[in-house]
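Summary of structural features
Okay, here's what each chain looks like letter by letter:
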Amino acid sequence: CRACHGELDGFPGYNLLGSKLKPEWMQKLFAGKITDSPRPWMSHRMPSFPALAKGLASGLAMSHGYPAVSPNEGPIDPKRAEVGRTLTGVFGGFSCVSCHGVGVMEPTQVFEAEGINLALPAERLQRDFYTRWLLNPLRIDPQSKMPVYFDEQGNSPLFDVYDGDTKKQLDAFWHYMRMGQKINPPKMDGF
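Only a predicted model underlies this, so the values are computations on that prediction, with no experimental measurement involved.

The grouping of M46, F49, L52 and L56 at the surface amounts to a nonpolar patch, some 320 Å² of accessible area in total. Checked against the element boundaries, M46 lands in the loop between α2 (23-30) and α3 (53-63).

Another aspect to go through is the pattern of salt bridges. Tallied over the full model, the rule gives 7 salt bridges. A salt bridge links D171 to R127; the shortest N-O distance between them is 2.8 Å. In this pair, D171 is assigned in helix α8 (residues 166-177) and R127 in helix α6 (residues 127-135), connecting sequence segments 44 residues apart. What makes R127 partly exposed here is its relative accessible area of 30%. Across the pair D128 and R132 runs a salt bridge, and its minimum N-O distance is 3.8 Å. Taken as a pair, D128 and R132 lie in helix α6 at a separation of 4 residues, close to a single helical turn. Bridged by salt links that share partners, the residues D77, R80, R127 and D171 form one connected network.

Once that is clear, we can look at the state of the cysteines. Within this structure, the stated rule accounts for 0 disulfides. We note that C99 lacks a disulfide partner, and the nearest cysteine sulfur, in C96, lies 9.1 Å from it. By relative accessible area, which is 21% here, C99 ends up partly exposed.

Here the largest pocket is characterised by a volume of approximately 1,400 Å³. In terms of lining, the largest pocket is formed by 46 residues, of which the most central are R39, W133, S144, K145 and M146. In terms of residue count, α6 provides more of the lining of the largest pocket than any other element does, 4 residues in total. Classifying every residue of the lining of the largest pocket by side-chain character gives 27 nonpolar, 11 polar and 8 charged. The space that makes up the second largest pocket amounts to roughly 590 Å³. Lining the second largest pocket are 27 residues, with H5, W25, L29, R45 and M46 sitting closest to its centre.

On to the nonpolar core. Ranked by size, the top nonpolar core spans 38 residues in total, and within it M26, L87, F94, Y130 and F173 carry the most contacts. Counting only elements with at least two residues in this core, the list comes to α2, α3, α4 (78-88), α6 and α8. Among the elements that make up this core, the one with the highest residue count is α8 (6 residues). Once you skip the residues sitting within four places of it in the chain, M26 turns out to touch L17, G18, L21, A57, L60 and A61.

Before going further, it helps to spend a moment on the packing of aromatic side chains. Scanning the model with the defined rule gives 5 aromatic pairs in all. Centroid distance F94 to F173: 5.9 Å. Interplanar angle 35 degrees. Geometry classified as tilted. With a gap of 79 residues between them, F94 in the loop between α4 and α5 (121-124) and F173 in helix α8 connect regions that are remote in the sequence. On the accessibility criterion, F173 (5% relative accessible area) is buried. Taking 6.4 Å as the distance between ring centres and 15 degrees as the angle between the ring planes, the aromatic pair formed by F129 and W133 counts as stacked. Remark: W133 and F129 occur in helix α6; sequence separation between them is 4 residues, near one turn of the helix. Overall, F129 belongs to the buried group, its relative accessible area being 3%.

Let us now look at the packing of α4 against α8. At their nearest, the axes of α4 and α8 sit 7 Å apart, and the two run at 100 degrees to each other. By the angle between their directions, the pair α4 and α8 is classed as roughly perpendicular. On α8, the residues touching R80, A81, V83, G84, R85, L87 and T88 of α4 are Q169, D171, A172, F173, H175 and Y176.

As a further point, take unusual backbone geometry. With a phi angle near 60 degrees, S95 is a residue other than glycine that sits in the positive phi range. Tracing the backbone shows S95 in the loop between α4 and α5. Residue class for S95 comes out partly exposed when judged on its relative accessible area of 23%. Positive phi, normally seen in glycine, also occurs at D163, with a value near 55 degrees. Within the secondary structure layout, D163 lies in the loop between α7 (137-140) and α8.

Rules and cut-offs
- Residues numbered from 1 in each chain as written.
- Predicted model: local features only at pLDDT ≥ 70, side-chain atom pairs only at ≥ 80, totals over all residues.
- Heavy atoms only, no water.
- Patch = residues over 30% accessible without salt bridge, like charges linked within 9 Å, V, L, I, M, F, W, Y side chains within 5 Å.
- Areas by Shrake-Rupley, 256 points an atom, 1.4 Å probe, with all protein chains shown as cover.
- Salt bridge = Lys/Arg side-chain N within 4 Å of Asp/Glu carboxyl O.
- Helix = DSSP H or I, 4+ residues; strand = E, 2+ residues; numbered from the N terminus.
- Buried < 20%, exposed > 50% of the residue type's maximum accessible area, 1.4 Å probe, protein only.
- Disulfide = S-S within 2.5 Å.
- 1 Å grid on protein atoms, 1.4 Å probe; cavity = no way out; pocket = protein on both sides within 12 Å on 5 of 7 lines; lining within 4 Å.
- Points joined across faces, edges and corners; volume = space filled by probe spheres on them.
- Nonpolar A, V, L, I, M, F, W, Y, C, P; charged D, E, K, R; others polar.
- Core = buried A, V, L, I, M, F, W, Y, C linked by side-chain atoms within 4.5 Å.
- Contact = heavy atoms within 4.5 Å.
- Phe/Tyr/Trp six-rings, centres within 6.5 Å; stacked < 30°, edge-to-face > 60°.
- Axes fitted to C-alpha atoms, helices over the stretch in contact; angles between N-to-C directions.
- Parallel < 35°, antiparallel > 145°, perpendicular 65-115°, else oblique.

Below is the structure:
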């Protein structure tokens, strides 16, 4: 595992895996059952270990203090998801669509590196990893091309959304991304 993870560009460090990925998703990955690669542009592919998939996934999660099965998050809140949709767009948002696809919509203007499609993260990522990542991606991966949008105190620059409450904004993003393949791309015309 360590021959690639933390060594090859674009591969998360081995020490992050159990705190980054949900055990259910890791189990599918290790079993070779992931059909939508989060990074289709990468030439390297994860080998599969079907007989060991469940044990590897639960062991990695538990080694970081997470349960072997992710807790139920409850239903998606449509109102928060709609705010998350706005936050991903150009008008009134962080312009995530510049580098990230959203469902069937391709990124609009990738600069240095394409990001993963925003229909995929909520199925894959542990919620608190997602929060740490968005607050300061460079703290987790100093080579990341993902910009830091929040200040050192974690304050959002978008004061007109939830009065700038970062926690509520990140929650709205999360509800939006939880829509998965049913995600509706943001409006691109400002209306």
